[in-house]
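Architecture at a glance
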Amino acid sequence: MTEVVAVDIGGTHARFAIAEVAGGKVVSLGDVVTQKTAEHASLQTAWQDFGKQAGRPLPKAAAIAVASPVGGDVIKLTNNPWIIRPALIPERLGADTWVIVNDFGAIAHAVAQLPDADFLHICGPERPLARDGVTSICGPGTGLGVAGVLHAGGTYHVMSTEGGHVDFAPLDAFEDAMLKRLRNSFTRVSAERVCAGPAIVAIYETLAEIEGKAVRHLDDKAIWGLAFDGSDSLAIAALDRFVLALGAFAGDLALTQGAKDVVIAGGLGLRLKDHFARSGFAERFTAKGRFQQMMANTPVKLITHPQPGLYGAAAAFAQEHSND
């Protein structure tokens with residue numbers, strides 16, 4: 001049994017927990033401490049704060065998931081000002097062994113290792129996740145994460161990607177109008193501009209313009225709050241449009257990766273669990289022309305584990321160090 005500090009660093013929050021791993025698998029995940037990245041100058045200071053809260057010496061092993069491409073001498077997070085230099089981890093974190101993975105690469109490890117009970121059926125045939133071939137994974141949060149898991153030969157391989165940054169493809173007149181609005185701010189409009197949490201602002205404001213209503217310049221948190229509590233009809237409509245766009249993107253991802261099934265992840269994905277069925281997700285997911293029937297036979301599930309990023313970071317460490 002090996003103890004490891006699991007860390008999941010996103011654009012807004014960094015989460016810490018002490019995990020136990022053995023035999024290439026996660027045995028347990030301890031209590032989670034969540035910190036706001038804006039309140040810490042670096043991973044090192046957040047790590048030290050976690051150590052104080054843990055009230056014990058931290059393990060000398062680290063499993064770090066970051067919302068950024070990984071590799072190279074310097075890791076710059078996409079939606080977070082922290083900079084990580086892997087070569088300095090022993091000095092700054094006191095860790096002798098470590099793994100750094102993309103945040104959705106970590107989610108992919110979690111998808112590969114978690115039991116069926118940690119997934120909720122959304123649409124398509126209701127069957128367990130395949131343990132051969134590709135499972136595609138995407139999820140909205142501060143950004144739009146994308147990854148995949150290839151099961152082959154009794155093991156699995158994680159494909160970390162930046163697929164959320166592919167071009168956005170509008171599918172109706174409303175999305176044409178939204179694309180036009182977004183082009184006022186961005187030369188190139190990626191899927192992340194439409195299918196990540198902050199995108200609800202552009203959706204909401206485009207709906208207001210189309211309906212001839214005064215545009216209320218609210219931030220994304222405010223609009224999501226109005227949508228989830230049902231107090232603003234325009235915010236509810238924006239939520240529905242968001243789910244439609246996410247369904248279309250998830251279907252495109254499945255086609256691109258040749259997936260046998262798809263998993264939706266991300267903190268926002270979990271908050272949307274009661275809205276997938278009534279917001280047209282399945283219809284957009286399957287609306288792929290000549291491949292509509294194939295898409296209808298592709299299961300889509302929602303990962304419901306409360307901390308898949310932390311679990312997956314620990315799983316990545318367990319897999320890499322299984323023979324140590």
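Everything below is about the structure shown above.
For the structure given in this document, a descriptive report is provided here. Because the structure is predicted, anything quoted here is derived from the model rather than measured.

Things to note about the packing of helix H6 (residues 200–210) against helix H7 (residues 220–229)
Across the interface, H6 lies against H7 with an axial gap of 9 Å and an inter-helix angle of 70°. Accordingly, the angle class assigned to the pair H6 and H7 is roughly perpendicular. Helix-helix and strand crossings are classified by hand; for H6 and H7 the assignment is left-handed. Here Ile200, Val201 and Tyr204 of H6 lie close against H7, whose contacting residues are Asp220, Ile223 and Trp224. Here the residues of the contact of H6 with H7 are counted per class, giving five nonpolar, no polar and one charged.

Focus on the packing of aromatic side chains
Under the definition given, this model contains five aromatic pairs. Ring centres of Trp224 and Phe242 lie 5.0 Å apart, and the angle between their planes is 85°; on these two criteria the pair is classed as edge-to-face. Of the two residues, Trp224 is situated in helix H7 and Phe242 in helix H8 (residues 233–257); the sequence distance between them amounts to 18 residues. Site record: aromatic cluster; members linked through ring pairs are Trp224, Phe228 and Phe242.

Some words on the environment of Ser231
Along the chain, Ser231 falls in the loop between H7 and H8. Judged by relative accessible area, which is 51%, Ser231 ranks as exposed. At 2.5 Å, the side chain of Ser231 forms a polar contact with the side chain of Asp229.

Thoughts on the pattern of salt bridges
Enumeration over the complete set of coordinates arrives at twelve salt bridges. With a closest N to O distance of 3.1 Å, Glu175 and Arg284 form a salt bridge. On the criterion of sequence distance, the pair formed by Glu175 in helix H4 (residues 173–182) and Arg284 in helix H10 (residues 281–286) is long-range, its members being 109 residues apart. Accessibility classification places Glu175 together with Arg284 in one group, the buried group.

Some thoughts on the sheet that holds strand E13 (residues 261–264)
Spatially, six strands are ordered E9-E14-E13-E10-E11-E12 in an open sheet, and the strand pairing comes out mixed. Each end of this open sheet is capped by a strand with a single partner; those strands are strand E9 (119–123) and strand E12 (155–160). Strand-to-strand, the axes of this sheet are offset by a mean angle of 25°, without reference to chain direction. Judged from the four bridges that link them, E9 and strand E14 (residues 300–303) form a sheet pairing that is antiparallel. If you follow Leu120 over to E14, its bridge partner there is Leu302. Packed on one face of the sheet, helix H3 (residues 103–113) meets E9, strand E10 (133–140), strand E11 (144–152), E12, E13 and E14 and runs near 40° to E11.

Conventions and cut-offs
- Residues numbered from 1 in each chain as written.
- Predicted model: local features only at pLDDT ≥ 70, side-chain atom pairs only at ≥ 80, totals over all residues.
- Heavy atoms only, no water.
- Axes fitted to C-alpha atoms, helices over the stretch in contact; angles between N-to-C directions.
- Helix = DSSP H or I, 4+ residues; strand = E, 2+ residues; numbered from the N terminus.
- Parallel < 35°, antiparallel > 145°, perpendicular 65-115°, else oblique.
- Left-handed = near helix turned anticlockwise from the far one by under 90°.
- Contact = heavy atoms within 4.5 Å.
- Nonpolar A, V, L, I, M, F, W, Y, C, P; charged D, E, K, R; others polar.
- Phe/Tyr/Trp six-rings, centres within 6.5 Å; stacked < 30°, edge-to-face > 60°.
- Buried < 20%, exposed > 50% of the residue type's maximum accessible area, 1.4 Å probe, protein only.
- Polar contact = N/O pair within 3.5 Å; in protein donor to acceptor, adjacent residues only side chain to side chain.
- Salt bridge = Lys/Arg side-chain N within 4 Å of Asp/Glu carboxyl O.
- Pairing = 2+ DSSP bridges.

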